[in-house]
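Now for the letters of each chain:
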There are 2 protein chains.
Amino acid sequence: MTDSVPPFWSPRIAALEPYVPGEQPRIPGLVKLNTNENPYPPSPRALQAIARAAQEGLERYPDPASAALREAVCRRHALRPGEVFVGNGSDEVLAHAFFAFFQQPGQALLFPDVTYSFYKVYAQLYGIEPALMPVDAGLGIDVDALAARAAQGCAGIVVANPNAPTGIGLPLAAIERLLAAAPQRVVLVDEAYVDFGGESAVPLIARHPNLLVVHTLSKSRSLAGLRVGYAMGQAPLVEALDRVKNSFNSYPLDRLAEAGAIGALDDEAYFEHTRREVMDTREGLVLQLEDLGFDVLPSQANFLFARHPQHDAGELAAGLRARAVLVRHFRQPRIDAWLRISIGTRDQCGLLVQRLQEILA
Amino acid sequence: MTDSVPPFWSPRIAALEPYVPGEQPRIPGLVKLNTNENPYPPSPRALQAIARAAQEGLERYPDPASAALREAVCRRHALRPGEVFVGNGSDEVLAHAFFAFFQQPGQALLFPDVTYSFYKVYAQLYGIEPALMPVDAGLGIDVDALAARAAQGCAGIVVANPNAPTGIGLPLAAIERLLAAAPQRVVLVDEAYVDFGGESAVPLIARHPNLLVVHTLSKSRSLAGLRVGYAMGQAPLVEALDRVKNSFNSYPLDRLAEAGAIGALDDEAYFEHTRREVMDTREGLVLQLEDLGFDVLPSQANFLFARHPQHDAGELAAGLRARAVLVRHFRQPRIDAWLRISIGTRDQCGLLVQRLQEILA
């Protein structure tokens, strides 16, 4: 690319700063702890459902409304029909929500300065002014400041709960304060990681018309490779999302994704087993990292956020990479001393600790 | 929904008029000729690739760039790396193209008034002013008028070639006239149906930096249920699309869709066989419909556009539906006398003709 804007591009294209996902390299024997995937395979019921769906007419369009999947989400969360929207991964769901609710001319969208870095990318995509609210000294979301700022008027509020990349969770009382502080705007609670120990805001939906809760099957359902996410909220919010979706792509979920997602959502026993494994492994890893001298934030997610007082995070990440262990290091203000480490199997975490011991020795 | 705009919605949400896809009802024994699907199943190689991919780590994110699929498209069309963009169905690819190229403040996007009705929905979604250019008396695209209007300045040009729902194709010379008429703007040629007898503009890409050609695997590759489409153009156009994609959804294609698409694209023999079957069946159906008194437009697509001088199209569609045969009738100006009939198997088309004979008798 030259310095000048290429011809043909819309004026706003050149100004975009796209999101950069964690790398997906093909290194033999790689221990991949950099993109918060689940180390366990999906439920066998998901795989069976996919195999069946592949034989049942892939030459036909899917159901544009993905009604069967919406029903499965309703069952799982005890919601009513019309309170669920589904999309091609929670990233697409988030993008549509930004479009539907946060394009409020002259008002800023509030979210923490340390959070999922895609939020500011969506804001830029749709010309939404972001107001980044600093997290506190412990990297926790400053609910007081958010609520006070929201009360002055805003385009909406976005919080990830638990937050990424910190893993720190907010109690439901904090979510309720935000809902009350912006009663005319949507408060989007991104619960991508909630199944690993967080407190879900879904039970608040019945009482709060401005609450939208977003989930993904990429983490706790081991289906990052299938791209399914969903949003839950009162019917007018879901209707707005459907209007955007139906103006963008009639069929965002393919037949295999819908079938696999239903299979996974209906397998409660497998879900419980694997998420417990991840949480137990996490607690063990916290102790081992602390033994190695790391500071580790309290995590309700399937990752840890850790720093070592005597070692540069970028160098640690590079050292691990040289030993075929990937973790994520964000070269960003306030968090560049930290590493985000996804929770793998016990064996993978054991290998991580060994490699760190070698590097620190 | 009440008359007032629901709270929480962005101002533009209430004004959207979403696209309405053809219905996907579950009627036993249904002959479904309403959404231009392929009557034949996908290539066995596609299904094998899907089965393999399902066993290879669905808990992991896909390659965000879908590099292997882009390479398969390059092989198929003799393009260079960097000249292919892939997306979650050609609808998503089109949406990103509208965003990337046609948001040109103060200028109108040109497309025929009779064409794929999603184009005006995308325009509305992104606040692009559409200029609908009337088709001629034979429902053909008026290339003279388009070129003349483009020469006065425009945000770009979109043509479906062959056009939908007419099935009429343009020669490449016409595409070249449009490319020359708007040298500073993108000319998007939507070739969803080109494999059924149309002339592809892909060979023009090397000479025309403003040409973007969009294909889908939903029609000639029998994969409507898998949601894969792609765009081809010179590298700066693809880079613009990647910037939008990476600001919207890092991983629009799931692992199964990518694998299945590669399997289908690499099975040239199956592709040739099934598309020939569809074209042969189409030519037979044209004669049978003409025997029944229908006017049938010359089609280069996997559907026919036909009207009967003595019978109301809506009533014919309703009569067919009552007999478990679905065709598509658009209640729109200029084309409400016409039926769009997808080409099914020989047996399905035979049944359609029988049912029409009953209705017309």
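That block above? That's the structure.
S.K.: Mind laying out the interface of chain B and chain A, listing which residues take part and the relevant values?
M.R.: How big an interface is tends to be reported as the loss of accessible area on association of its parts. Counting residues at the interface gives 83 residues for chain B, matched by 83 residues for chain A. For the chain B and chain A pair, buried surface summed over both sides reaches about 7,000 Å², with 58% attributable to carbon and sulfur atoms. Together, Phe8(B), Tyr61(B) and Phe248(B) form the three largest contributors to the area buried by chain B at its contact with chain A, with a combined 13%. In this assembly, chain B and chain A are joined by two salt bridges. Between Arg60(B) and Glu37(A) there is a salt bridge, and its shortest N-O distance comes to 3.1 Å. Counting every contact that joins chain B to chain A gives 41 residue pairs in polar contact (both at pLDDT 80 or more). Going through the elements one at a time, helix H1 (44–54), helix H3 (89–101), helix H4 (118–125), helix H7 (235–245) and helix H8 (255–265) of chain B are the ones with two or more residues in the side of chain B that touches chain A.

S.K.: Tell me what's going on with helix H3 (residues 89–101) of chain A, and back it up with residues and numbers.
M.R.: Because the α-helix completes a turn every 3.6 residues, residues three or four places apart line up on one side. Over its 13 residues, H3(A) extends 19 Å from the first C-alpha to the last, a length consistent with the 18 Å expected when each residue adds 1.5 Å. Among the 13 residues of H3(A), 13 are classified as buried, and the element is accordingly described as predominantly covered.

S.K.: Quick one: what's the story with unusual backbone geometry, residue by residue and with numbers?
M.R.: The step from Asn161(A) to Pro162(A) runs through a cis peptide bond, and the omega angle for that step is -5°. Within the element layout of this structure, Pro162(A) appears in the loop between strand E5 (156–160) and helix H6 (172–181). Positive phi, close to 65°, is recorded for Arg227(A), a residue that is not glycine. Turning to its location among the elements, Arg227(A) is positioned in the loop between strand E7 (211–216) and strand E8 (229–232). Using a relative accessible area of 2% as the deciding quantity, one classes Arg227(A) as buried. For Asn36(B), which is not a glycine, the phi torsion comes out positive at approximately 55°. Topologically, Asn36(B) is positioned in the loop between strand E1 (31–32) and H1. Among the residues examined, Asn36(B) registers a relative accessible area of 0% and is labelled buried.

What counts as what
What you see as residue numbers is a count from 1 along each chain, following the sequence as written. To label them, take the chains in the order written and letter them from A, then take the ligands in the order written and number them from 1. At least 70 in pLDDT is required for a residue's local features to be given in this predicted model, at least 80 for side-chain atom pairs to be given and counted, and no such filter applies to totals for whole chains, interfaces and linings, which use all residues. With hydrogens and water stripped out, all remaining heavy atoms of the structure feed into the side-chain values. Contact criterion: two residues are considered in contact whenever any of their non-hydrogen atoms come within 4.5 Å of each other. Simply put, the buried area is the total loss of 1.4 Å probe accessible area from both parts when two parts are fitted together. Definition used for salt bridges: Asp or Glu carboxyl oxygen within 4 Å of a side-chain nitrogen of Lys or Arg. Two N or O atoms form a polar contact when they lie within 3.5 Å of each other; inside protein one atom must be a possible hydrogen donor and the other a possible acceptor, and for residues adjacent in sequence the pair counts only when both atoms belong to side chains. Going along the chain from the N terminus, every DSSP run of H or I of four or more residues is numbered as a helix, and every run of E of two or more is numbered as a strand. Helices are assigned an expected span. That span is 1.5 Å times one less than the residue count. When accessible area is computed with a 1.4 Å probe and restricted to protein chains, residues below 20% of their type maximum are described as buried, those above 50% as exposed, and intermediate ones as partly exposed.

In short, the description is geometric, and any link to function would need to be established separately.
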